[in-house]
Amino acid sequence: MFGRVLALVIKEFLAILRDGKSRMVLVGPPLIQLLVFGYAASFDLNHVPFAVYDQDRSIASRNLVADFAGSRAFEQVATLHSPRQIQSLIDSRTVEMVLDIDPRFSRDLLTNQPAPVQVIVDGRNSNTALLILGYANTIIADASATWAADHGGATPPTQLDPRALFNPNLDSHWFIIPGIVALLTQVITLLVVGLSIAREREAGTFDQILVTPMRPLDILLGKSIPGMVIGMLEATVSIIAAVYWFDVPLRGGLLELYTGLLLFTAAVTGIGLMISSISATQQQALLGAFLFMVPSIILSGFATPIANMPALVQDLTWINPMRFALVVIRRCFLEQPSFASLLTQYAAMAVLAAISLTVAAWLFQKRSVS
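None of the values given here were measured: they were computed from a predicted structure. (Residues numbered from 1 in each chain as written. Predicted model: local features only at pLDDT ≥ 70, side-chain atom pairs only at ≥ 80, totals over all residues. Heavy atoms only, no water.)

### As for the overall build of the chain
A count of helices and strands for the chain gives 14 helices and 4 strands. By the burial criterion, 44% of the 370 residues in the chain qualify as buried. Taking contacts inside the chain between residues at least 6 apart in sequence as the whole, the part at least 24 apart equals 78%. Carbon and sulfur atoms form 65% of the exposed surface of the chain, whose accessible area is close to 19,500 Å². (Helix = DSSP H or I, 4+ residues; strand = E, 2+ residues; numbered from the N terminus. Buried < 20%, exposed > 50% of the residue type's maximum accessible area, 1.4 Å probe, protein only. Contact = heavy atoms within 4.5 Å. Areas by Shrake-Rupley, 256 points an atom, 1.4 Å probe, with all protein chains shown as cover.)

### Some words on a nonpolar patch on the surface
Where nonpolar side chains cluster on the molecular surface, the patch consists of Leu217, Leu221, Ile225, Val229 and Leu233 and spans about 380 Å² of accessible area. With respect to the secondary-structure elements, Val229 resides in helix 9 (residues 216-244). Val229 gets classed as partly exposed once you look at its relative accessible area, which sits at 34%. (Patch = residues over 30% accessible without salt bridge, like charges linked within 9 Å, V, L, I, M, F, W, Y side chains within 5 Å. Salt bridge = Lys/Arg side-chain N within 4 Å of Asp/Glu carboxyl O.)

### Quick notes on the sheet that holds strand 4 (residues 117-121)
With mixed pairing, the 4 strands of this open sheet are ordered in space as 2-1-3-4. The two strands at the open ends of the sheet, each matched to only one other strand, are strand 2 (74-79) and strand 4. Strand-to-strand twist of the sheet, defined as the mean angle between neighbouring strand axes without regard to direction, takes the value 30°. By the bridge criterion, 5 bridges tie strand 1 (residues 48-54) to strand 3 (residues 97-101) in an arrangement that is parallel. Across the sheet, Val52 pairs through a bridge with Leu99, a residue of strand 3. Strands in contact with helix 3 (residues 59-69) are strand 1, strand 2, strand 3 and strand 4; relative to strand 3, the strand with the most contacts, it is inclined by about 165°. (Pairing = 2+ DSSP bridges. Axes fitted to C-alpha atoms, helices over the stretch in contact; angles between N-to-C directions.)

### Remarks on helix 10 (residues 254-277)
Residues that lie three or four places apart on an α-helix share one face, since the helix turns once every 3.6 residues. Its 24 residues place the ends of helix 10 34 Å apart at the C-alpha level, agreeing with the 34 Å of an ideal helix rising 1.5 Å per residue. Across the 24 residues of helix 10, 18 count as buried, placing the element largely inside the fold. (Expected span 1.5 Å × (residues − 1).)

### Regarding the environment of Asn125
Structurally, Asn125 can be placed in the loop between strand 4 and helix 6 (126-151). Sequence separation between Asn125 and Glu96 is 29 residues, and the spatial gap between their C-alpha atoms is 9.8 Å.

### Some remarks on the layout of surface pockets
Any empty space left between the atoms is revealed when a probe the size of a water molecule rolls over them. Empty space within the second largest pocket amounts to approximately 450 Å³. Asp44, Arg72, Tyr135, Asn169 and Leu170 are the residues nearest the centre of the second largest pocket, which is lined by 13 residues in total. The residue makeup of the lining of the second largest pocket, split by class, is 5 nonpolar, 4 polar and 4 charged. (1 Å grid on protein atoms, 1.4 Å probe; cavity = no way out; pocket = protein on both sides within 12 Å on 5 of 7 lines; lining within 4 Å. Points joined across faces, edges and corners; volume = space filled by probe spheres on them. Nonpolar A, V, L, I, M, F, W, Y, C, P; charged D, E, K, R; others polar.)

### Details of the pairing of strand 1
A large share of strand 1 lies buried, amounting to 6 of its 7 residues. For the segment spanning strand 1, helix 3 and strand 2, crossover handedness is right-handed. (Right-handed = clockwise from strand over helix to strand, strands pointing away.)

### Details of the packing of aromatic side chains
Applying the stated criterion across every chain yields a total of 5 aromatic pairs. Where Trp318 meets Phe324, the ring centres are 5.9 Å apart and the plane angle is 40°; that geometry is what we call tilted. We classify Phe324 as buried; its relative accessible area is 5%. One aromatic cluster in this structure is built from Phe50, Phe68 and Phe74. For the cation-ring pair, Arg323 lies above Trp318, with the distance from its terminal atom to the ring centre recorded as 4.0 Å. Directly above the ring of Phe175 sits Arg330, whose terminal nitrogen or CZ lies 3.6 Å from the centroid. (Phe/Tyr/Trp six-rings, centres within 6.5 Å; stacked < 30°, edge-to-face > 60°. Lys NZ or Arg CZ within 6 Å of the ring centre and 35° of its normal.)

### Overview of helix 3
Within the sequence span of helix 3, burial applies to Ala60, Ser61, Leu64, Val65 and Phe68. Looking straight down helix 3, one finds that the buried residues subtend no more than 140° of arc, so they occupy a single side. (Arc of directions from axis to C-beta.)

### Quick word on the pattern of salt bridges
When the charged atoms of two side chains with opposite charge come close together, those side chains can pair. Within this structure, the stated rule accounts for 4 salt bridges. A salt bridge links Asp122 to Arg93; its shortest N-O distance comes to 3.7 Å. Of this pair, Asp122 sits in the loop between strand 4 and helix 6 while Arg93 sits in the loop between helix 4 (84-91) and strand 3; the two residues are 29 residues apart in sequence, bridging distant segments of the chain. Given the relative accessible area of 49%, Arg93 is considered partly exposed. For the salt bridge of Asp108 with Arg107, the shortest nitrogen-to-oxygen distance reads 3.6 Å. The class for Asp108 is buried, based on a relative accessible area of 9%.

See below:
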């Protein structure tokens, strides 16, 4: 059995690596996606264009404007002289925010009264608007505290002293890039495995394999092992890039990380074999792979927290192996989890792998008999 499976594994690797286009698909797009996601995908806001309508024109108001303009999050692009200009700038998306400083701003500061400052944001993108308001509130609060300290004013009785564990600078790349490791591993494994049997059917060589002494289990193993190996290699390349190119810390152990990756690729391999077993052509297999990938990414917690999803949708995430892989990978990057603390995720991926591989074997055997 070992010799038969090894021969089919070598055949699969040759079929994949001998074709120049296949090699490019395995190497080029994953690296491009890693670089694009790594640099472009971010929850941080930088250089948000804003305009200033300063009705006070005092030293205090100019200092507040300078605090905004000097922040990495904001970039002043316009100075307004009339409130009528506010609507047109936001409507045209020239600015995302307008800082409207009341004419009583400096007077109220000197008399220890609440100094009115209005922040007007473009609410068409609610997530971005909430982030802008959060940044603006922080800058205004810091400016108020500095003014009070310099002028002997009353300071707030309670002051916020924020500290973030595991990610002190709250760099969103530390959250996104480990997720990309899981994403690219799933994409490559699913495509390689999903196209394997469909490629044989399309080329007319699948029937030739069936008449060999190989059993359906041998063929299934021979088709799945190359995909798992390529998926693990893709994960390794992504991890190296995350650590040495994007400077994301890898604080956990490699044993915990690669145990999770191995179980994850096994589960994805089973899903890929299921898709390939029911597909008559590579085009159908490719379509089936993408039909699975998009919901799996959305339901994994890659970008949006699972806790924010409706209860029914949260229940669907339990059959998604990427959900558990993300927990393992992100914890291994940012924490130092013990093997025992990840057993829940390991067990879930092992169960999903067993189910998907069993169903794939049944579908494969059914299609080969028919």
